[in-house]
Amino acid sequence: MNEYRASITSVPNSLFGMGNPLLDISAVVDKDFLEKYGLKPNDQILAEDKHKALFEEIVKKFKVEYHAGGATQNSIKIAQWMIQDPHKVCTFFGCIGEDKFGEILKQKADEAHVDAYYYEQTEEPTGTCAACITGDNRSLVANLAAANCYKKDKHLDLKENWKLVEKAKVYYIAGFFLTVSLESILKVAKHASENNKLFTLNLSAPFISQFFKDALMEVMPYVDVLFGNETEAATFSKEQGFQTEDIAEIAKKAEALPKVNKKRPRIVVFTQGKDGTIMTKGDKVETFPVLKIDQKDIVDTNGAGDAFVGGFLSELVQDKELEQCVKAGHYAANVIIRRAGCTFPEKPDFH
């Protein structure tokens with residue numbers, strides 16, 4: 001599988017991420033709160049009018065914590081944390097507002113040693129995401145606001161910004177960004193494909209496969225590594241007419257979808273919470289058990305999927321075997337679920 005690995009060790013700006021930078025407003029809530037706003041215990045959705053009051057109520061009624069969030073940004077930070085040195089191996093692009101929350105995101109990216117280049121605008125405030133936690137479930141409601149204002153011509157196309165894209169060898173974009181700027185994703189994906197670099201994408205949430213299917217399938221031919229969890233995989237299968245609920249079969253069928261860069265086979269990686277992670281490899285599908293954890297040690301599963309991807313990418317960008325990438329993903333997720341939000345201790349202990 002050597003044709004598949006990126007031929008680099010860690011150099012600055014070698015891993016590039018682009019997505020929705022959000023400030024997570026996270027709280028342990030009750031069932032009544034979920035019911036009041038029509039939320040499923042474990043889901044990710046975009047805020048509608050009926051959720052407007054939720055953002056005020058969660059702050060008034062529950063003990064909230066603020067964490068820098070946004071799926072892609074979380075993964076990029078985790079990757080940088082796993083790598084440690086040098087700093088700024090990871091680049092991140094996204095849009096924020098010129099406000100207090102935007103300043104917090106800038107400060108947090110800086111503390112995480114991520115090379116963040118935000119497109120700052122004044123029309124919309126910095127985006128937020130309410131993480132409504134009950135037990136080991138989390139229901140995410142994202143109010144994209146500024147994150148939705150990312151513009152290819154105003155940011156990605158600028159010469160000094162595009163140079164950073166060109167410096168990278170591995171690219172990661174969460175499916176969530178498909179709702180914001182398909183043209184930005186396609187520009188990056190095509191660059192990766194034309195230069196035999198690795199472009200990776202996450203299914204991110206069931207609603208992406210359902211309501212942004214056309215955009216998703218426009219990007220799919222450029223995807224070298226596809227990430228997702230069991231729920232997202234099942235929805236993707238249904239929407240694509242795969243006619244199977246078997247996760248290994250879904251992975252195989254996703255792997256076989258048309259692909260532009262024929263030099264490398266597509267790799268599909270599906271996590272299943274506490275059950276094993278599925279990965280396609282050639283015509284085989286392998287299962288990797290996750291690290292055992294006692295239920296009482298789980299603080300918050302929000303960010304577990306992002307952490308898995310961050311761990312995986314941290315090894316991928318260092319030219320490691322795919323099995324090692326999965327191991328790193330499992331390690332990072334195991335660390336994250338013991339803590340509130342997508343936060344981590346000072347240094348990783350991964351070998």
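None of the values given here were measured: they were computed from a predicted structure. (Residues numbered from 1 in each chain as written. Predicted model: local features only at pLDDT ≥ 70, side-chain atom pairs only at ≥ 80, totals over all residues. Heavy atoms only, no water.)

**Q** Is there a simple way to think about the overall build of the chain in this case?
**A** Along its length, the chain carries 13 helices and 14 strands. For 351 residues, the compact-globule estimate of 2.2 N^0.38 gives 20 Å, and the C-alpha radius of gyration of the chain, at 19 Å, lies within 12% of that figure. If you line up the chain on its principal axes, its C-alpha atoms span 55 × 45 × 40 Å. A buried classification covers 58% of the 351 residues belonging to the chain. For the chain, restricting intrachain contacts to residue pairs at least 6 apart in sequence, the fraction spanning at least 24 positions comes to 75%. Here the chain displays about 15000 Å² of accessible surface, and carbon together with sulfur accounts for 49% of that area. (Helix = DSSP H or I, 4+ residues; strand = E, 2+ residues; numbered from the N terminus. Rg over C-alpha atoms; globule rule 2.2 N^0.38 Å. Buried < 20%, exposed > 50% of the residue type's maximum accessible area, 1.4 Å probe, protein only. Contact = heavy atoms within 4.5 Å. Areas by Shrake-Rupley, 256 points an atom, 1.4 Å probe, with all protein chains shown as cover.)

**Q** Help me understand the nonpolar core in this model?
**A** Soluble globular proteins: nonpolar side chains tend toward being buried together. Within the largest apolar cluster, 90 residues are counted, with the highest numbers of intra-cluster contacts made by F199 and F312. With sequence-adjacent residues up to four places away left out, F199 is seen in contact with Y171, I173, I185, V188, A189, A192, V219, Y222, V223, D224 and V225. Grouped together as the second largest cluster of nonpolar side chains are 15 residues, V29, V64, A130 and V141 included. (Core = buried A, V, L, I, M, F, W, Y, C linked by side-chain atoms within 4.5 Å.)

**Q** I'm lost on the environment of D99 in this one. Help?
**A** Of note, D99 is situated in the loop between β5 (90-97) and α4 (100-111). For D99, a relative accessible area of 24% puts it in the partly exposed group. Setting aside residues up to four positions removed in sequence, D99 forms contacts with P125 and T126.

**Q** Is there a simple way to explain helix α3 (residues 71-83) in this structure?
**A** Two residues of an α-helix separated by three or four positions point the same way, owing to the 3.6 residues in each turn. For α3, spanning 13 residues, the distance from its first C-alpha to its last is 19 Å, which sits close to the expected 18 Å at 1.5 Å a residue. The buried fraction of α3 amounts to 13 of the 13 residues, a majority that puts the element mostly inside the structure. (Expected span 1.5 Å × (residues − 1).)

**Q** Please clarify how the pairing of strand β14 (residues 284-288) should be interpreted in this entry.
**A** Each regular strand displays side chains that alternate between the two surfaces of the sheet. Here five bridges tie strand β13 (residues 275-281) to β14, and the two strands are oriented antiparallel to one another. Bridged to T277 within β14 is F288. The turn joining β13 and β14, which pair antiparallel and follow one another in sequence, is formed by two residues; a positive phi near 60 degrees is taken by G282. (Pairing = 2+ DSSP bridges.)

**Q** What am I meant to see in the pattern of salt bridges here?
**A** Close approach of charged atoms allows side chains with opposite charge to pair. Applying the stated criterion to the full structure yields 15 salt bridges. In this structure, the salt-bridge partner of K61 is E57, at a minimum N-O distance of 3.6 Å. Of this pair, K61 and E57 both sit in helix α2 (residues 52-61), four residues apart, roughly one helical turn. Using a relative accessible area of 15% as the deciding quantity, one classes E57 as buried. (Salt bridge = Lys/Arg side-chain N within 4 Å of Asp/Glu carboxyl O.)

**Q** Before we go on, may I ask you to explain the sheet that holds strand β4 (residues 65-69) in this structure?
**A** Across a sheet, strands are paired by hydrogen bonds formed along the backbone, either parallel or antiparallel in direction. Read across the open sheet, the five strands follow the order β3-β8-β7-β2-β4; overall the sheet is mixed. One side of each edge strand has no neighbouring strand; the edge strands of this open sheet are β3 (43-46) and β4. The mean inter-strand angle of the sheet, taken between neighbouring strand axes irrespective of direction, is 20 degrees. Pairing of strand β7 (residues 127-134) with strand β8 (residues 137-143) involves seven bridges; the strand directions are antiparallel. Looking at the pairing, A131 lines up with L140 of β8. Those strands touched by α2 are β2 (22-28), β4, β7 and β8, and its axis lies near 55 degrees from that of β7. (Axes fitted to C-alpha atoms, helices over the stretch in contact; angles between N-to-C directions.)

**Q** Looking at this model, I keep getting lost on the packing of helix α10 (residues 230-240) against helix α11 (residues 247-255). Mind explaining?
**A** If you want to describe how two helices pack, look at the angle between their axes and the distance between the axes. Direction vectors running N to C along α10 and α11 enclose 60 degrees, while the axes themselves pass 10 Å from each other. Comparing the axis directions of α10 and α11 gives the class oblique. Two packed elements cross with a definite hand, and for α10 against α11 that hand is left-handed. Residues E230, A233, A234, F236 and S237 of α10 form the contact with α11, whose participating residues are I247, I250 and A254. (Parallel < 35°, antiparallel > 145°, perpendicular 65-115°, else oblique. Left-handed = near helix turned anticlockwise from the far one by under 90°.)

**Q** In this structure, what is going on with the pairing of β5? I would like to understand it.
**A** Counting buried positions along β5 gives eight out of eight residues, so the element sits mostly inside the fold. In β5, alternate side chains face the same way, and those of C90, F92, G94 and I96 on one face and T91, F93, C95 and G97 on the other are all buried. Two strands pair when backbone bridges link them, and strand β1 (residues 15-18) and β5 are joined in this way by four bridges, in the parallel orientation. Residue M18 lies in a different strand from β5, and its bridge partner there is F93. Since β5 and strand β6 (residues 115-121) lie parallel, the crossover through α4 that links them has a hand, and here it is right-handed. (Right-handed = clockwise from strand over helix to strand, strands pointing away.)

**Q** I keep staring at the sheet that holds β13 and nothing clicks. Help me out?
**A** Spatially, nine strands are ordered β6-β5-β1-β9-β10-β11-β12-β13-β14 in an open sheet, and the strand pairing comes out mixed. Because the sheet does not close on itself, it has two edges, and the strands there are β6 and β14. Pairs of neighbouring strands in the sheet enclose a mean axial angle of 20 degrees, with direction left out of account. Each of β10 (198-202), β11 (225-229) and β12 (267-272) touches α10; the most contacted strand, β11, lies at about 110 degrees to it. The strands that α11 touches are β11, β12, β13 and β14; relative to β12, the one it contacts most, it runs at about 155 degrees.

**Q** Teacher, can you tell me more about the packing of aromatic side chains here?
**A** Two descriptors summarise a pair of aromatic rings, namely the distance from one centre to the other and the angle between the planes of the rings. Counted by the stated rule, this structure contains 19 aromatic pairs. Seen from their ring centres, Y172 and F227 are 6.0 Å apart, and the 80 degrees between their planes marks the pair as edge-to-face. Of this pair, Y172 sits in strand β9 (residues 170-174) while F227 sits in strand β11, and the two are 55 residues apart along the sequence. Between F227 and F312, the ring centres sit 5.1 Å apart and the planes meet at 85 degrees, which makes this aromatic pair edge-to-face. Within this pair, whereas F227 is found in strand β11, its partner F312 is found in helix α12 (residues 304-316), the two being separated by 85 residues in sequence. (Phe/Tyr/Trp six-rings, centres within 6.5 Å; stacked < 30°, edge-to-face > 60°.)

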